[in-house]
Amino acid sequence: MSGLLCGTCGAPYPMEDPRWRCDCGGLLDIRFQARFDKRKIVRRKPTMWRYREAIPIENDASIVSFDEGMTPMIPVDLGPGELLLKLEQLFTTGSYKDRGAAVLVSKAKELGIERVVEDSSGNAGCAIAAYAAKAGIRCEILVPESTSPGKLAQIRFYGAALRRVPGSREDTASAAMSAAETTYYASHSWNPFFFQGTKTFAYEVWEQMEFRAPDAILLPAGNGTLLIGSYIGFRELREAGLVDRIPRHVAVQAENCAPLLAMFRGGLHAVPTIESRETIAEGVAIAAPVRGKEIVDIVRRTGGEVVAVDDAQVEKALLLLGRKGLYVEPTSALPVAAFLEYPSLRSGVVVAPLTGHGLKATGKMQKIASNG
Ligand SMILES: Cc1ncc(COP(=O)(O)O)c(C=O)c1O
Ligand SMILES: [Zn+2]
């Protein structure tokens, strides 16, 4: 049986129901039997769609794609420990969010949807706007006023209607939820199809490690779209008997906005209300992550940790990455900063994504370069 399933009350809905939450208000997940045929996988084009039987899109004709995925994964020597970096900044819109947007917008096309709305600190908005443009779907993106100008230009270029919302990231989310009463909500945090795209990160890591799982994955986490996706992907591989364990999932937050850290350290069962301050890691400045409990449950279940790094540590990691030829936006340096700061995170083979391109945040990068 496949379909949508409420994580709160267990209500099932058909896969074709264009809803983004349960009638009870709960978050929806996807029930779907992912299948893997290694012989077919290795013969296909090097894109995330080589795992076709694991992605819940009915018809190939619905697929909206820029041949994305199979990003390189390379070893980087930063001193002690074995670290592999997956170059997720190389997607067509410059961030890993394309994985989620590719599947979500393909599903929207399959459902015959003509208009979508999304709220984002920038990168998810860029990704949804680009894929909507390719699909010929009208798109409105809501962003906080503080979003980097490069990302705003990018969203406008894709032809989306852009609305800048004053106030916090949470104010932008509430405005989007009102808009979603009449328009399909292409939300990267609520819409479960987004995670059916980000899960392909795990499949690629598995294939690039010669069909094995690493010991740990370090990920920047705000709404946890890559962390949750990675977990789903490894869980499916384990269910299919293709790996024997799920790697430790480590969530890295910015010290100035760290609700998941507060939940993890406090042994809590829900995300507490926290005070947050500005951080250069704008991608993870999420004070009230809707799937926060799911993220911390994954961390606990896989034997991982939640850690935080401060802006100075992020800058140091960014400059170090630059000297290795890797130019990424500040949020992307969180896992590398954590790897450098916390010796406990360096055991075994560790994988981390570089989530977004440095060219997206030129203003911030210029300031950091002049400090460095
Ligand atoms: C470059 C980059 N890295 C990491 C993240 C964190 O993603 P999430 O909030 O889904 O955990 C974001 C989110 O916008 C991002 O833009
Ligand atoms: Zn429900």
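Below you will find a few notes about this structure.

1. Some remarks on the environment of Lys360
Phase 1 of the analysis: Looking at the secondary structure, you find Lys360 in the loop between strand E13 (349-353) and helix H13 (362-371).
Phase 2 of the analysis: Taking the relative accessible area as the measure of exposure, Lys360 reaches 6% and is therefore buried.
Phase 3 of the analysis: C-alpha of Lys360 to C-alpha of Thr93: the two residues are 267 residues apart in sequence and 9.5 Å apart in space.
Phase 4 of the analysis: Discounting residues that sit within four places of it in the chain, Lys360 has contacts with Thr93, Gly94, Ser95, Asn123, Cys126, Ser148, Gly150, Lys151, Gln154 and Glu329.
Phase 5 of the analysis: There is a polar contact of 2.8 Å between the side chain of Lys360 and the backbone oxygen of Thr93.
Phase 6 of the analysis: Engagement of the side chain of Lys360 in a polar contact is seen with the side chain of Gln154, the distance being 3.1 Å.

2. Side note on the side chain of Asn123
Phase 1 of the analysis: Looking at where Asn123 falls in the secondary structure, it is placed in helix H3 (residues 123-135).
Phase 2 of the analysis: With relative accessibility at 10%, the residue Asn123 sits in the buried group.
Phase 3 of the analysis: Only 2.9 Å separates the side chain of Asn123 from the side chain of Lys360, close enough to count as a polar contact.
Phase 4 of the analysis: Discounting chain neighbours no more than four positions away, the residues touching Asn123 are Ser95, Lys97, Lys151, Glu329 and Lys360.

3. Focus: the pattern of salt bridges
Phase 1 of the analysis: In the structure shown here, the tally under the stated rule is 24 salt bridges.
Phase 2 of the analysis: Between Lys45 and Asp67 there is a salt bridge, with its nearest N and O atoms 3.1 Å apart. Residue Lys45 is located in the loop between helix H1 (38-43) and strand E4 (73-76), and its partner Asp67 is located in the loop between H1 and E4; the two are separated by 22 residues in the primary sequence.
Phase 3 of the analysis: Of the residues examined, Lys45 reaches a relative accessible area of 52% and is grouped as exposed.
Phase 4 of the analysis: The partner of Glu204 in a salt bridge is Arg99, with the nearest N and O atoms 2.7 Å apart. Taken together, the residues span a long stretch of sequence, with Glu204 in helix H7 (residues 200-208) and Arg99 in helix H2 (residues 97-110) at a distance of 105 residues.

4. Thoughts on the site of ligand 1
Phase 1 of the analysis: Around ligand 1, 17 residues are found, and the nearest of them are Asn123, Asn223, Gly224, Thr225 and Thr355.
Phase 2 of the analysis: A distance of 2.9 Å separates an oxygen atom of ligand 1 from a polar atom in the side chain of Tyr96.
Phase 3 of the analysis: Between ligand 1 and Gly224 there is a distance of 2.6 Å, counted from an oxygen atom to a backbone nitrogen or oxygen.
Phase 4 of the analysis: With the chains in place, 98% of the 390 Å² that ligand 1 exposes on its own is no longer accessible.
Phase 5 of the analysis: For the shell around ligand 1, the residue count by class is four nonpolar, 11 polar and two charged.
Phase 6 of the analysis: Among the domains, domain 2 (73-91 + 195-371) and domain 3 (97-193) are the pair contributing at least three residues each to the shell around ligand 1.

5. What about the side chain of Thr198?
Phase 1 of the analysis: Along the chain, the position of Thr198 falls in helix H6 (residues 192-198).
Phase 2 of the analysis: On the basis of relative accessibility, which here comes to 0%, the residue Thr198 falls in the buried class.
Phase 3 of the analysis: Polar contacts involving the side chain of Thr198 include one to the main-chain carbonyl oxygen of Thr225, which spans 2.9 Å.
Phase 4 of the analysis: Every residue in contact with Thr198, bar those within four places of it in the chain, is listed here: Tyr96, Arg99, Gly100, Thr225, Leu226, Gly229 and Ser230.

6. Brief notes about helix H11 (residues 311-323)
Phase 1 of the analysis: For H11, which comprises 13 residues, the first-to-last C-alpha distance of 19 Å matches the rise-based estimate of 18 Å (1.5 Å per residue) to within 8%.
Phase 2 of the analysis: Among the residues of H11, those classed as buried are Val314, Glu315, Ala317, Leu318 and Leu321. Buried residues along H11 cover an arc of 165 degrees about the axis, so they all sit on one side. In H11, the exposed positions angled more than 90 degrees off the buried face are occupied by Ala312, Lys316 and Arg323.
Phase 3 of the analysis: Buried residues along H11 sit against strand E5 (82-86), strand E12 (306-309), helix H12 (334-341) and H13.
Phase 4 of the analysis: At the N-terminal boundary of H11, the capping side chain belongs to Asp310, with an oxygen 3.2 Å from the backbone nitrogen of Ala312.
Phase 5 of the analysis: The positive-phi residue at the C-terminal boundary of H11 is Gly325, with phi of around 90 degrees.

7. A look at the packing of aromatic side chains
Phase 1 of the analysis: Taken as a whole and assessed by the stated rule, the structure comprises seven aromatic pairs.
Phase 2 of the analysis: Consider the rings of Phe66 and Tyr131, whose centres lie 4.9 Å apart with planes at 85 degrees: the pair is edge-to-face. Note that Phe66 is positioned in the loop between H1 and E4 and Tyr131 in helix H3, a separation of 65 residues in sequence.
Phase 3 of the analysis: For Phe66, a relative accessible area of 34% puts it in the partly exposed group.
Phase 4 of the analysis: Taken together, Phe36, Tyr51, Tyr203, Trp206 and Phe211 form an aromatic cluster joined through their ring pairs.

8. Some remarks on the coordination of the zinc ion (ligand 2)
Phase 1 of the analysis: Distances from the zinc ion (ligand 2) to its protein donors, namely Cys6 (SG), Cys9 (SG), Cys22 (SG) and Cys24 (SG), fall within the range 2.3 Å.
Phase 2 of the analysis: Around the zinc ion (ligand 2) sit four donor atoms; with metal-centred angles ranging over 105 to 116 degrees, the donor geometry is tetrahedral.
Phase 3 of the analysis: Counting gaps between the donor residues of the zinc ion (ligand 2) yields the pattern C-x2-C-x12-C-x1-C.
Phase 4 of the analysis: For Cys6, a relative accessible area of 3% translates into the label buried.

Rules behind the numbers
Residues numbered from 1 in each chain as written. Chains lettered and ligands numbered in written order. Predicted model: local features only at pLDDT ≥ 70, side-chain atom pairs only at ≥ 80, totals over all residues. Heavy atoms only, no water. Helix = DSSP H or I, 4+ residues; strand = E, 2+ residues; numbered from the N terminus. Buried < 20%, exposed > 50% of the residue type's maximum accessible area, 1.4 Å probe, protein only. Contact = heavy atoms within 4.5 Å. Polar contact = N/O pair within 3.5 Å; in protein donor to acceptor, adjacent residues only side chain to side chain. Salt bridge = Lys/Arg side-chain N within 4 Å of Asp/Glu carboxyl O. Near = heavy atom within 4 Å. Areas by Shrake-Rupley, 256 points an atom, 1.4 Å probe, with all protein chains shown as cover. Nonpolar A, V, L, I, M, F, W, Y, C, P; charged D, E, K, R; others polar. Domains from an automatic or database assignment. Expected span 1.5 Å × (residues − 1). Arc of directions from axis to C-beta. Phe/Tyr/Trp six-rings, centres within 6.5 Å; stacked < 30°, edge-to-face > 60°. Donors = N, O, S within 2.8 Å, 3.2 Å for Na, K, Ca; no water. Tetrahedral: all angles 85-135°; square planar, octahedral: opposite > 155°, others 65-115°.

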